[in-house]
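# Secondary and tertiary structure notes
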Amino acid sequence: MDSFAERLLIWFKQHGRHDLPWQRDPTPYLIWVSEIMLQQTQVTTVIPYFERFMRRFPSVTALAAADLDEVLAHWSGLGYYARARNLHKAASRITAELGGELPASVAELVELPGIGRSTAGAIVALAHGVRAPILDGNVKRVLARYHGIQGWAGQASVLNELWQCAEAHTPDNDVGAYTQAIMDLGATVCTRARPSCEACPLGEGCVASRDGRQAELPAPRPRRIRPQRSVRVLLVQDSERGVLLERRPVAGIWGGLFSLPELAEHEDEHVWCDRVLNARVSVQRNLPAIDHAFTHFDLTIAPTLLKLEAAPAVVMDRPDWLWYKPAMKSKPGLAAPIAALLQSVYSSRGASL
Ligand code: SF4
């Protein structure tokens, strides 16, 4: 047995959890339900739910015979209800196709809804004493720290490395105790925040402890770097007509909605007014920028207020233009940040800007 497993087993005898409700009579059904409940939830929260669930659904067949609504009612408050739906679905299949007995091999268990490789490993190891590695969240943390495994476990190569470590450490004997031991160590000693390395049987040889990298390992899911874009828009005010809006092309962001005219990257505001409106600017003021998040990028909108000296004489009837006033009866479709900008400008300055 490798020293990793040996040290864990010695620690487990004295410090492990031995009186959890599913440990008293570790049948495959009890282990299965407990493992599913524990997937996203802490032990102390799970215990009362587990006991209530077992009183009402004491066997696979009882679970299969129950209405899904009742199963969900017994899950109510635990969250992640797909877990309960999958339990019920799997119980129905076990009852209808497998004579009411959970399979005893990882390969067969993973064919059932909601049972992945780690849960299957836990069921066969804890209920049957058959050697199978597990890799739940706690175990991933212990192994990533102990071996100094870099990278996010959602990446196939990192996950593969973790499974290889889990496989290598799982002993041939005492596999049930070892499985419970490594889960307990992750839950009580090698905790996410402030692990108790001084009390850990794996301290010797642990890369994270040696290098003080407990906080870095395991690496969290990388944050996607969102592209940043910016645009300059013009809030052109004609005291008679209001603020000039322009309908956006149907394709692209805010397609078909009205927005403020955009300025090309290096174009000067006065030049734009002269070119497009044949009008002169009397007042120019930069307004605070607005940040807007799209699904795939962030946009910074930098507005400039331009008051015209006189009403422009040209192209007032362009169909893609609109002179906006808050009192207008038929409101145009506006992009949300533009609507907010207009509202803030009008409310802070009055209807005449
Ligand atoms: S020594 Fe610390 S970081 Fe390493 S496995 Fe133990 S608790 Fe985790």
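Report on the accompanying structure. (Residues numbered from 1 in each chain as written. Predicted model: local features only at pLDDT ≥ 70, side-chain atom pairs only at ≥ 80, totals over all residues. Heavy atoms only, no water.)

### Quick look at the pairing of strand β2 (residues 242-247)
Inspection of the sheet shows strand β1 (residues 228-238) paired to β2 by two bridges, in the antiparallel sense. Among the inter-strand pairings, D238 is bridged to a residue of β2, identified as G242. Following β1, the chain reverses through three residues before pairing antiparallel with β2. Where β2 lies against strand β8 (residues 321-324), four bridges are found, and the strand directions are antiparallel. Pairing of L244 across the sheet is with W323, part of β8. Where β2 lies against strand β3 (residues 258-259), two bridges are found, and the strand directions are antiparallel. Pairing of E246 across the sheet is with S259, part of β3. (Pairing = 2+ DSSP bridges. Helix = DSSP H or I, 4+ residues; strand = E, 2+ residues; numbered from the N terminus.)

### Quick word on helix α1 (residues 3-15)
When the terminal C-alpha atoms of α1 are compared, their 18 Å separation across 13 residues agrees well with the 18 Å that a helix rising 1.5 Å per residue should span. Along α1, the residues that are buried comprise F4, A5, L8, L9, W11 and F12. Tucked inside the fold, the buried residues of α1 contact α10 (137-147), α11 (156-169) and α12 (175-188). (Expected span 1.5 Å × (residues − 1). Buried < 20%, exposed > 50% of the residue type's maximum accessible area, 1.4 Å probe, protein only. Contact = heavy atoms within 4.5 Å.)

### Structural notes on the packing of aromatic side chains
Enumeration over the complete set of coordinates arrives at eight aromatic pairs. With a centroid separation of 4.8 Å and an interplanar angle of 20°, the aromatic rings of F294 and F297 are classed as stacked. Aromatic rings pair up to connect F53, F57 and W75 into one cluster. Sitting over the face of the ring of F297, R229 holds its NZ or CZ atom 3.9 Å from the ring centroid. (Phe/Tyr/Trp six-rings, centres within 6.5 Å; stacked < 30°, edge-to-face > 60°. Lys NZ or Arg CZ within 6 Å of the ring centre and 35° of its normal.)

### Quick word on the packing of α10 against α12
The geometry of α10 relative to α12 is characterised by a closest axis approach of 8 Å and an angle of 80° between their N-to-C directions. One element, α10, and the other, α12, form an angle in the roughly perpendicular class. Every residue of α12 that contacts α10 at N138, V139, R141, V142 and L143 is listed here: I182, M183, L185, G186 and A187. Grouping the constituent residues of the contact of α10 with α12 by class yields seven nonpolar, two polar and one charged. (Axes fitted to C-alpha atoms, helices over the stretch in contact; angles between N-to-C directions. Parallel < 35°, antiparallel > 145°, perpendicular 65-115°, else oblique. Nonpolar A, V, L, I, M, F, W, Y, C, P; charged D, E, K, R; others polar.)

By themselves, these are just geometric observations and shouldn't be taken as functional.
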